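Geometric and topological summary
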Amino acid sequence: MKQNRICFISRNYYNLTSAGNKAKTDNEDTLTEMGAINLGLHRTVNNSKILAFFLDLVGIIRACILLQKNDILFLQYPVKKYFSFLCYVARMKGAKTVSLIHDLGSFRRKKLSIQKEISRLSHSDYIIASNENMKGWLQEHGLEKPIGSLGLFDYRSSSFHEPQVPSSDITTNPTVVYAGALNMRKNSFLIELTKSLNTWNLMIVGNKDGLQGLKYNPHITYRGFLPSEDFIAHIDTNFGLVWDGDSLDTCSGEYGQYLKWNSPHKVSFNLRAGLPIIIWKEAAVAPIIEEEGVGFAISSLKELDAKLQNMSPEVYLEMKENTTAMAKKLNEGYFLKKALADSLDFFSK
């Protein structure tokens, strides 16, 4: 029996530094490694919107021509302008579509209504939600198509981290890193942290000018912007922190609450750097972090003092070993390969 072709459509990217673009190009690389066929043009990076529009359009047209009966067309949602059209063309040509959700416009950005988004996603034959929480949300809101779950986004990198921080540091001088684009809407909780931190150390990687009101604190150091490859290869801290909003007690605001449903690329980035994760207990990926033993979840940042002080070197060393194994999985595209295999199993039934 002839095996179904797995196909995808590469496109022009504005840059490869944003989390969304990095996740999508990593997935393209994993698909290529699996033998999938790019029906579009070769991937390009160009910040001209006009050129990008025409390159993407030509790629879409080429893909529609080359798509064959029984193909499995893998789409990375949202697909600007063309998602419903591509699903329609695939159906007309006897192909199937599998759509991986990176972001839902009806959540944080409120770019369309929930009903409109569910209707749009319903054009695809199979949906891969970012995680189990998102899968449940989609089902609760009426999506009747088969839905799988990714779990974590993979993170491919040529760099590997050689740990230099002794595990005993966890009991005497623990250091947590928070990395990201700093701004008042997303991470103003850091301002509160600078006022109260006194038992563990925090390294902030990012442009602190985005946060007005940061106080001097001897337990906090600022590294400024650090390229992702340098971060992965050289960052030497005990944990990576994933937290959003303006409060130490919970993850608040549109970014903080979004953690209940999305799979943050920042989680994968920190794990890929060999850093166990500290994350909000209500985050969608918190169960994965704890089940895999690659970090722990807390309800409030005020819990961290006791949590870190009571952690034994043996427990921490086990977390580091689990994280090293997870970093290898992320670099090999483990989560996408598994989710795609589940979709193919569904179609073969």
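Let me sum up the structure you'll find in this document. (Residues numbered from 1 in each chain as written. Predicted model: local features only at pLDDT ≥ 70, side-chain atom pairs only at ≥ 80, totals over all residues. Heavy atoms only, no water.)

**Focus on the overall build of the protein**
Summing up its helical and strand segments, the protein has 15 helices and 14 strands in all. A globule of 349 residues ought to have a C-alpha radius of gyration of about 20 Å, and the protein, at 21 Å, matches this closely. Out of the 349 residues in the protein, the part that is buried amounts to 51%. In the protein, 68% of the contacts between residues at least 6 apart in sequence involve partners at least 24 apart. If you average the places of the 41 positive and of the 36 negative side-chain charges in the protein, the two averages end up 9 Å apart. (Helix = DSSP H or I, 4+ residues; strand = E, 2+ residues; numbered from the N terminus. Rg over C-alpha atoms; globule rule 2.2 N^0.38 Å. Buried < 20%, exposed > 50% of the residue type's maximum accessible area, 1.4 Å probe, protein only. Contact = heavy atoms within 4.5 Å. Lys, Arg positive; Asp, Glu negative; His and termini not counted. Charge placed at Lys NZ, Arg CZ, Asp CG, Glu CD.)

**Focus on the pairing of strand E13 (residues 277–280)**
Of the strand pairs in this sheet, strand E12 (residues 239–242) and E13 are connected by three bridges, and their pairing is parallel. Of the residues in E13, the one forming a bridge with Leu 241 is Ile 278. In this sheet, strand E14 (residues 295–298) lies alongside E13 in parallel orientation, the contact comprising four bridges. Within E14, the position partnered with Ile 279 by the bridge is Ala 297. Chirality of the crossover, the property in question, places the unit of E13, helix H12 (residues 286–291) and E14 among those that are right-handed. (Pairing = 2+ DSSP bridges. Right-handed = clockwise from strand over helix to strand, strands pointing away.)

**Things to note about a nonpolar patch on the surface**
Judged by side-chain polarity, Ile 50, Phe 53 and Phe 54 come together as a nonpolar surface patch covering roughly 330 Å² of accessible area. Considering the arrangement of structural elements, one finds Phe 54 in helix H2 (residues 49–66). Among the residues examined, Phe 54 registers a relative accessible area of 49% and is labelled partly exposed. (Patch = residues over 30% accessible without salt bridge, like charges linked within 9 Å, V, L, I, M, F, W, Y side chains within 5 Å. Areas by Shrake-Rupley, 256 points an atom, 1.4 Å probe, with all protein chains shown as cover. Salt bridge = Lys/Arg side-chain N within 4 Å of Asp/Glu carboxyl O.)

**Quick notes on the sheet that holds strand E1 (residues 6–8)**
Read from one edge of the open sheet, six strands run E3-E1-E5-E6-E7-E8, paired in parallel fashion. With one partner strand each, in any of the chains shown, strand E3 (37–38) and strand E8 (147–149) form the two edges of the open sheet. Here E1 runs beside strand E5 (residues 72–77); their pairing, made up of three bridges, is parallel. Its bridge partner lying in E5, Ile 6 is registered against Ile 72. Contacting E5 and strand E6 (96–101), helix H3 (residues 83–92) runs over the sheet at an angle of about 170° to E5. (Axes fitted to C-alpha atoms, helices over the stretch in contact; angles between N-to-C directions.)

**Re the nonpolar core**
In globular proteins that are soluble, nonpolar side chains generally tend to be buried together. Judged by nonpolar contacts, the single largest core of 60 residues is most densely connected at Leu 202 and Ile 279. Ile 279 has contacts with Val 242, Trp 243, Val 267, Val 285, Ala 286, Ile 289, Phe 296, Ala 297 and Ile 298, leaving out every residue within four places of it along the chain. With 30 residues, the next largest nonpolar core counts Leu 73, Tyr 82, Leu 104 and Leu 121 among its residues. (Core = buried A, V, L, I, M, F, W, Y, C linked by side-chain atoms within 4.5 Å.)

**Concerning the sheet that holds strand E11 (residues 220–222)**
Taken together, the six strands give an open sheet; going across it, the order is E11-E10-E9-E12-E13-E14, and neighbouring strands pair in parallel fashion. Each edge of the open sheet carries a strand with a single partner, namely E11 and E14. Taking each pair of neighbouring strands and ignoring which way they run, the sheet shows an average axis angle of 25°. Of the pairings in the sheet, the one linking strand E9 (residues 175–179) to strand E10 (residues 201–205) comprises five bridges and is parallel in character. The partner of Val 176 across the bridge, within E10, is Leu 202.

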